Each structure stands twice: as C-alpha cells, then as structure tokens.
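# A closer look at the structure
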Amino acid sequence: MDTRRPLIAGNWKMHKTGSEAAETARQLISLISPDSADRDIMIAPTFTALPPVAEVLADGPVALGAQNIFWEDEGAYTGEISGPMLVSAGCSHVIIGHSERRQYFGETDTTVNQRIAAAIRHGLIPVFCIGETEEERESEQTFSVLDKQVATGLKGFSSNDLGALVVAYEPVWAIGTGKTATSEQAQEVHEYLRSKIENLLGSQLAGSVRILYGGSVKPANIAELMAMPDIDGALVGGASLDAEVFSQIVNF
Ligand code: PGA
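Cut-offs and rules
- Residues numbered from 1 in each chain as written.
- Predicted model: local features only at pLDDT ≥ 70, side-chain atom pairs only at ≥ 80, totals over all residues.
- Heavy atoms only, no water.
- Helix = DSSP H or I, 4+ residues; strand = E, 2+ residues; numbered from the N terminus.
- Buried < 20%, exposed > 50% of the residue type's maximum accessible area, 1.4 Å probe, protein only.
- Contact = heavy atoms within 4.5 Å.
- Phe/Tyr/Trp six-rings, centres within 6.5 Å; stacked < 30°, edge-to-face > 60°.
- Lys NZ or Arg CZ within 6 Å of the ring centre and 35° of its normal.
- Expected span 1.5 Å × (residues − 1).
- Near = heavy atom within 4 Å.
- Polar contact = N/O pair within 3.5 Å; in protein donor to acceptor, adjacent residues only side chain to side chain.
- Areas by Shrake-Rupley, 256 points an atom, 1.4 Å probe, with all protein chains shown as cover.
- Nonpolar A, V, L, I, M, F, W, Y, C, P; charged D, E, K, R; others polar.
- Salt bridge = Lys/Arg side-chain N within 4 Å of Asp/Glu carboxyl O.

## Some remarks on the environment of R121
Tracing the backbone shows R121 in helix 5 (residues 109–121). Residue class for R121 comes out partly exposed when judged on its relative accessible area of 47%. Here R121 is in contact with W71 and D73, once residues within four sequence places are set aside.

## Quick look at the packing of aromatic side chains
Aromatic ring pairs are described here by two measures, namely the spacing of the ring centres and the angle between the planes. Inspection of the entire model under this criterion finds 5 aromatic pairs. Relative to F105, the ring of Y104 has its centre 6.3 Å away and its plane inclined at 80°; by these criteria the two rings are edge-to-face. For Y104, a relative accessible area of 55% translates into the label exposed. One residue, K16, lies across the ring of W12, its end atom 5.4 Å from the ring centre. Directly above the aromatic system of F252 lies the positively charged group of R39, at a separation of 4.3 Å from the ring centroid.

## Let's talk about the side chain of S247
Within the secondary structure layout, S247 lies in helix 11 (residues 243–250). According to the relative accessible area criterion, S247 is buried, its value standing at 4%. Ignoring any residue separated from it by four or fewer positions in sequence, one finds S247 in contact with L28 and L31.

## Section: helix 7 (residues 142–153)
Over its 12 residues, helix 7 runs 16 Å from end to end, which matches the ideal 16 Å to within 8%, given 1.5 Å per residue. Residues of helix 7 that are buried in the fold lie against helix 4 (99–104), helix 5, strand 5 (125–130), helix 6 (134–138), strand 6 (166–169) and helix 8 (183–201).

## Overview of the site of the ligand
Near the ligand you find 13 residues, and of these K13, H98, E170, G176 and S216 are the closest. In the model, an oxygen atom of the ligand is placed 2.7 Å from a nitrogen or oxygen of the K13 side chain. Contact between the ligand and S216: an oxygen atom at 2.7 Å from a main-chain N or O atom of the residue. Contact with the protein chains removes 95% of the 280 Å² of surface that the ligand exposes when unbound. Residues belonging to the shell around the ligand are distributed by class as follows: 4 nonpolar, 7 polar and 2 charged.

## Focus on the pattern of salt bridges
Counting across every chain of the model gives 17 salt bridges. The partner of R4 in a salt bridge is D230, with the nearest N and O atoms 4.0 Å apart. Remark: D230 occurs in the loop between helix 10 (222–226) and strand 8 (233–236) and R4 occurs in the segment before strand 1 (7–11); sequence separation between them is 226 residues. Note that K13 and E100 form a salt bridge whose closest N and O atoms lie 2.8 Å from each other. Of this pair, K13 sits in the loop between strand 1 and helix 1 (18–31) while E100 sits in helix 4, and the two are 87 residues apart along the sequence. Bridged by salt links that share partners, the residues R4, R194, D230 and D232 form one connected network.

In structure tokens, the structure reads:
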C-alpha cells in the first residue's frame, strides 16, 4: 500500500495585496491544528505578495507556491516570471497549467510541458493542473481530453525527473461554480489518471504521485473527498481566501 502524504493547497488567484496576503497567512498559521502535522500545506498568492508572505511563512508548516512560471530563466519576455525569481522569492511549489491560464491566456499542453521542465530544472514542485470542460464531459470526452493533457504535459520526462510531481485534477465545470464533482466522480478520474501515469512512467511514480482534486472544495466536502483512495489532497480557490475557512479544510 502506498502512503502518500496529503497536500492541501490554496490558490489565491488574483486576490490580495502583499499586506493583505501576509495578514491572511499569519492568521492561517495560527489556526493550523497540531494534528495537521501529517500533511503538507501550501498557499499560492499573487507574485507581488510572494516576498511578504515568504517572510510570514519562514520555517513554518506552510509552503509557498507561485501561480505560474516561464520556461526561460531570463530575457526579453515582458510580463513573465522565471524559476530563479520564484526560488529567490521563497517558493518551493508552482501551479502550472491552471484552466484559467489555458482559457484566458493561451496556455496549451505544449507550453505547460515547457513550464514543468523549468520548474523541475529549478527544484520547484510542479502542481500540474488538468481537467475537462462541461461540454467535454457531456460529450463523453473526459478521458480522451485528460489523456492528451497528461501525455503532452509530461512528454519527454523520466519518472526520475517527475519524482516531486503533483497533479491537480480540476474539472473546469466545478471551478468557482459551487458544483463539486461527487467524490465518486473524482475518484473515478483519479484512479484513471494514476493508471495512465503507470502506463507512461511506471508503477513506482504512479504509486507515489499525489493527485489533488480541485473545484469548489469547501469545509463541508473535504473529508468525503479525502476518504477516497486516489484523492491525495485538494487545490482550493475561493475557500482558501479566508483563513478561518481554509483552516477548516486544512484541518479536515
Ligand atoms: P475553486 O477554485 O475552489 O474556487 O473552485 C479551484 C481552483 O481554481 O484551483
């Protein structure tokens, strides 16, 4: 039986200034139960909030993540941010390929693959996001869409390269909509993803890779989701913005 350490991650998206984010981080730390020492916790504020939040999180139980990374280390790439910049700001994790990046900013499976390569190169833990839209689910394309996202996103890597990989399954129709996938629907996909990773990269990585669920996770549904054998954590958007609410998810 594989033992995977749960990861509860908060994606703060485009919310909170540096001082607001630092304050929320401070509150969160004070609300984490000592019983939650068996799980990893991460928050991903916006870029400008990374340094002040890093200061609050220093040496504590909560890791710092970014919401994006560019594949080059420096150069004329206006508006982008690189691995060395994130590392120097105190990040250990980076969210890659979130559906909002795919939907609004032209992110493709190929650019996701390049960003994952940059994260690995700089020792950052990639939180690789995938998921189908409502239309794709209704036309029974869920598994073929996920197949393509996984195959292209992870193309060219060995299982060694991906030792730290975290996958986040986020059905687009469940993000910010209040519609959560049922824990059975999520489990079905997570199990499928694990078998897909086994086929592509072997059973060792498939057994150790953490697969998070994301999409309207809240205090009321976290325990049920986490009870599923292939759900190893959660990527939480809206419900991570309030320290009190997010702490209830972290301390599930
Ligand atoms: P949500 O967002 O929890 O607000 O649905 C999840 C996400 O986009 O990561």
